[in-house]
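Architecture at a glance
Here is what each chain is made of, one letter per residue.
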Amino acid sequence: MGESELAGPGADLRHQERTFALTAVEHHAPIVGSAPSPLLWAGEQDTRAFAERLARQPGIADAFIALHGNLGAGKTTLVRHLLRALGAEGRIKSPTYAVVEPYELPGLAAWHFDFYRFDDPREWEDAGFRDIFAAPGLKLAEWPEKAAGLLPVPDVDVHIALEDDERRRVTLRANTPRGRELLS
Ligand SMILES: Nc1ncnc2c1ncn2[C@@H]1O[C@H](COP(=O)(O)OP(=O)(O)OP(=O)(O)O)[C@@H](O)[C@H]1O
Ligand SMILES: [Mg+2]
């Protein structure tokens, strides 16, 4: 199912989409191969459960995961649950102003990027972002669209769309062998 089919404006269409998403959840394994697979997270507990499963995959220690979705979709929330599941302690703040927040976790390094305010490509070199993406470790990036052309191909693209206050419709796409392994 293409993105354009997910973005219908009418309430009726939304109802159909929801029906489709629920059907897909019922009839398919929650995480499948490289094909986009719509999921429905009924609340933050589902977001957390997904993060905890992802944290158990060995490939997570050296992965690049791009997080797409509007303001308030739940990108930072997913990152927080993932970093917690990987052993992060203390406050996990949103790196909107700093662009990146580094983490030393048990057995791996992680970087949480938020490119929302990224608008100077020189910063890519100057702030060492190129080096971070060349180094081993987990890279998580919100608003990757704002650094298009600089970022490498993500192992996994996560698209989160708001259904209502609590529910999120989520599409996962694996772009690399590591990404397929992460979602298997
Ligand atoms: N199922 C859910 N998954 C994730 N967040 C949820 C869910 N249900 C409710 N929420 C709430 O939605 C909000 C998501 O905010 P969050 O900061 O994670 O969004 P964001 O996508 O990072 O936005 P921004 O683009 O501004 O960085 C949080 O307040 C969170 O508690
Ligand atoms: Mg955020």
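Here's a quick rundown of the structure. (Residues numbered from 1 in each chain as written. Chains lettered and ligands numbered in written order. Predicted model: local features only at pLDDT ≥ 70, side-chain atom pairs only at ≥ 80, totals over all residues. Heavy atoms only, no water.)

1. Thoughts on the coordination of the magnesium ion (ligand 2)
Any two of four tetrahedral donors ideally make an angle of 109.5 degrees at the metal, while pairs among six octahedral donors ideally make 90 or 180 degrees. Spelled out, the test is: Metal sites are built from N, O and S donor atoms within 2.8 Å, or 3.2 Å for Na, K and Ca, and they leave out water, so they may look incomplete. Strands are runs of DSSP state E lasting at least two residues, helices are runs of H or I lasting at least four, and both sets are numbered from the N terminus onward. Only protein chains enter the accessibility calculation, which uses a 1.4 Å probe; a residue whose area is less than 20% of its type maximum is buried, one above 50% is exposed, and one in between is partly exposed.
For the magnesium ion (ligand 2), every protein donor is listed as Thr76 (OG1) and Glu142 (OE), and the spread of their distances is 2.0 to 2.1 Å. Of this pair, Thr76 sits in helix α4 (residues 75-85) while Glu142 sits in strand β5 (residues 138-142), and the two are 66 residues apart along the sequence. The exposure classification of Thr76 matches that of Glu142, with both residues buried.

2. Focus: empty space enclosed by the protein
So the rule is basically this: The rule is simple: put a 1 Å grid over the protein atoms alone, call a set of points where a 1.4 Å probe fits but cannot get out a cavity, call an open set with protein on both sides within 12 Å along at least five of seven lines a pocket, and count a residue as lining if it has an atom within 4 Å of a point. Grid points are joined across faces, edges and corners, and a volume is the space filled by probe spheres set on the points.
Across all of its chains, the model carries one cavity of 30 Å³ or more by this definition. Lining the largest cavity are Leu54, Ile65, Leu67, Leu78, Val79, Leu82 and Leu140. It is α4 that provides the largest number of residues to the lining of the largest cavity, a total of three residues.

3. A look at the site of ligand 1
Note the threshold: Each residue is tested against the molecule or strand, and it is near if at least one of its non-hydrogen atoms lies within 4 Å. Any pair of N or O atoms that falls within 3.5 Å is considered a polar contact. Within protein, one atom must be able to donate a hydrogen and the other to accept it, and sequence-neighbouring residues count only if both atoms are side-chain atoms. Only the protein chains shown count as cover for residues, with accessible areas throughout obtained via the Shrake-Rupley method and a probe of 1.4 Å.
Ligand 1 sits among 17 residues. The nearest are Glu44, Thr47, Lys75, Thr76 and Thr77. Here Trp143 contributes a side-chain N or O atom positioned 2.9 Å from an oxygen atom of ligand 1. Arg168 has a polar side-chain atom sitting 3.0 Å from an oxygen atom of ligand 1. Relative to its unbound accessible area of 640 Å², ligand 1 is 75% covered by the protein chains.

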